[in-house]
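Residues per chain, in single letters:
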Amino acid sequence: YTILSKVHSDRNVYPSAGVLFVHVLEREYFKGEFPPYPKPGEISNDPITFNTNLMGYPDRPGWLRYIQRTPYSDGVLYGSPTVENVGKPTIIEITAYNRRTFETARHNLIINIMSAEDFPLPYQAEFFIRNMNVEEMLASEVLGDFLGAVKNVWQPERLNAINITSALDRGGRVPLPINDMKEGVYVMVGADVPFSSCLREVENPQNQLRCSQEMEPVITCDKKFRTQFHIDWCKISLVDNTKQVSTFQEVIRGEGILPDGGEYKPPSDTLKSRDYYSDFLITLAVPSAIALVLFLILAYIMCCRREGVEKRNMQTPDIQLVHHSAIQKSTKELRDMSKNREIAWPLSTLPVFHPVTGEIVPPLHTDSYDNTSMPLMQTQQNLPHQTRIPQQQSAGQ
């Protein structure tokens, strides 16, 4: 069911709807289209790239994809044709570019999509293979080995490869260039018999719990794939089309003609003048008047409705007024006392006699002197009549 063909000029291919279609664009064939510029005896290994598009359009059909890793590898057209394109020939223009000589060669690929009698297959399973790239999986040998492993596990009478999709097209990330990591590929296959017990094991509650914890589920038939294919069993998808209810509704198409709405009447060229006085009153005058009324009411409440001190004293008990008056009087008396600190210092804190002459020293301040900022004791350096005691001279002097 998988069609593999080499490119030729104006080649006709006949894929089936719903079955994987693969077409290889070989560089060896296109090398003959370009002149052999290298010296005689040398092997030409020019870099060649391909551009594919639907005739008359800049891109390919939606079901057809193209991949080519490097200019030194073959290009591959692959995809799964749809039922809507059955019986309609699809012409794909293939343009080869020689990156050394900048020459081009063009060929046409005519795809005639045929209807498949056993399509669609009711039971479809999609596997995610982690250790493969899409171009590696498209090789006939690798794809045949995978279908053989699936057939041993499933045991169907008819088994078709429906589609192959790169993980990057499903929102996957580009793998790091470490240990030759692969991007991964999704492979969908279809069969005519229900799913086997091995494939149903991924729906067990234990395996679902292990998948939710990012652990590998326990699958008995995994060893039949593990030798060549590393399958992520948590991402397997099983679809049973026999249990799905069709919700398709037939679309009733009309004639495509709008109903007659009469003759179009454009507005007149002359416009009448409009009076905006009423609009001014509504938008400015009315809100201003309301605001003014509210302001007057607030001013009357704040200024004209005050109780006053006399009314407050009349409503206050006499004993409370006496207490309040006594507190105010005591506070005022304390403040007056703190301002008039003119008490003389005691004489015991002042030097009375001169240390040398023995004379009586008068007080350093008068009674009216403000002594609030003067220290209680004077040091010997501050005395005005202090005389320095002469030091004892040496015997030689």
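Because the structure is predicted, anything quoted here is derived from the model rather than measured. (Residues numbered from 1 in each chain as written. Predicted model: local features only at pLDDT ≥ 70, side-chain atom pairs only at ≥ 80, totals over all residues. Heavy atoms only, no water.)

### Looking at the sheet that holds strand S8 (residues 123-129)
Moving on, step 1. Spatially, four strands are ordered S9-S10-S8-S11 in an open sheet, and the strand pairing comes out antiparallel. Looking at which strands have only one partner, the edges of the open sheet turn out to be strand S9 (159-166) and strand S11 (237-240). The average undirected angle you get between the axes of adjacent strands in this sheet is 15°.
Moving on, step 2. Here S9 pairs with strand S10 (residues 185-191) via seven bridges, running antiparallel. Note on S10: the bridge partner recorded for Ser166 is Val185. (Pairing = 2+ DSSP bridges. Helix = DSSP H or I, 4+ residues; strand = E, 2+ residues; numbered from the N terminus. Axes fitted to C-alpha atoms, helices over the stretch in contact; angles between N-to-C directions.)

### Quick notes on the UniProt feature "transmembrane region" (unreviewed entry) in the protein chain
Moving on, step 1. UniProt's entry tags residues 280-303 with the feature "transmembrane region" (unreviewed entry), counted in the numbering of this structure.
Moving on, step 2. Helix makes up 100% of residues 280-303 and strand makes up 0%, while its end C-alpha atoms are separated by 33 Å. (UniProt positions renumbered as here; feature names shortened; annotations may be inferred.)

### Examining the state of the cysteines
Two cysteines joined by a covalent bond between their sulfur atoms form a disulfide.
Moving on, step 1. Taken as a whole and assessed by the stated rule, the structure comprises two disulfides.
Moving on, step 2. The disulfide that involves Cys198 links it to Cys221, with 1.5 Å between the sulfurs. The sign of the S-S torsion, about -70°, decides the handedness of the disulfide formed by Cys198 and Cys221: left-handed. Taken together, the residues Cys198 in helix H4 (residues 197-200) and Cys221 in the loop between helix H5 (205-212) and helix H6 (223-226) connect sequence positions 23 residues apart. The same class applies to Cys198 as to Cys221, namely buried.
Moving on, step 3. Residue pairing for Cys211: its cysteine sulfur links by disulfide to Cys234, the two sulfurs lying 2.2 Å apart. For the disulfide bridge between Cys211 and Cys234, the dihedral angle about the S-S bond is near -85°, and by the sign convention the bridge is left-handed. Of the two residues, Cys211 sits in helix H5 while Cys234 sits in the loop between H6 and S11, which places them 23 residues apart along the sequence.
Moving on, step 4. Judged by its relative accessible area of 34%, Cys234 is partly exposed.
Moving on, step 5. Indicated for the protein chain is the disulfide connectivity 1-3, 2-4, based on numbering the bonded cysteines in sequence order. (Disulfide = S-S within 2.5 Å. Buried < 20%, exposed > 50% of the residue type's maximum accessible area, 1.4 Å probe, protein only.)

### Thoughts on the sheet that holds strand S6 (residues 90-98)
Moving on, step 1. The strand order across the open sheet formed by four strands is S1-S7-S6-S3, and the pairing between neighbours is mixed. The strands lining the two open edges of the sheet, one partner per strand, are strand S1 (11-13) and strand S3 (48-54). Within this sheet the neighbouring strands show an average axis-to-axis angle of 25°, counted without direction.
Moving on, step 2. Alignment of S1 against strand S7 (residues 104-111), held across three bridges, turns out to be parallel. Within S7, the residue paired with Asn12 across the bridge is Ile110.

### Brief notes about unusual backbone geometry
Moving on, step 1. In the Ramachandran plot, Phe102 falls in the positive-phi region, its phi being about 60° despite a non-glycine side chain.
Moving on, step 2. Of the residues examined, Phe102 reaches a relative accessible area of 68% and is grouped as exposed.
Moving on, step 3. Even without glycine at this site, Glu214 takes up a positive phi of about 60°.
Moving on, step 4. Take Glu214: it is sitting in the loop between H5 and H6.

### Some details on the pairing of S8
Moving on, step 1. Of all the seven residues making up S8, seven are buried; the element is thus mostly covered by neighbouring parts of the structure.
Moving on, step 2. The two faces of S8 match: Tyr123, Ala125, Phe127 and Ile129 on one face and Gln124, Glu126 and Phe128 on the other face are all buried.
Moving on, step 3. Direction of pairing for S8 relative to S10: antiparallel, over a ladder of seven bridges. Residue pairing for S10: Phe128 is matched across the bridge by Tyr186.
Moving on, step 4. Strand direction decides the pairing type here: S8 and S11, joined by four bridges, are antiparallel. Bridge pairing in S11 links Glu126 to Ser237.

### Structural notes on the nonpolar core
Moving on, step 1. Judged by nonpolar contacts, the single largest core of 39 residues is most densely connected at Phe127, Met137, Phe146, Trp154, Val189 and Trp233.
Moving on, step 2. Elements represented by at least two residues in this core include exactly strand S5 (75-79), S8, helix H2 (134-137), helix H3 (140-154), S9, S10 and H4.
Moving on, step 3. No other element matches H3, which puts eight residues into this core.
Moving on, step 4. Each of domain 1 (8-113) and domain 2 (123-240) gives at least three residues to this core.
Moving on, step 5. Here Phe127 is in contact with Phe146, Val150, Val185, Tyr186, Val187, Val189, Leu199, Ile231, Trp233 and Ile236, once residues within four sequence places are set aside. (Core = buried A, V, L, I, M, F, W, Y, C linked by side-chain atoms within 4.5 Å. Domains from an automatic or database assignment. Contact = heavy atoms within 4.5 Å.)

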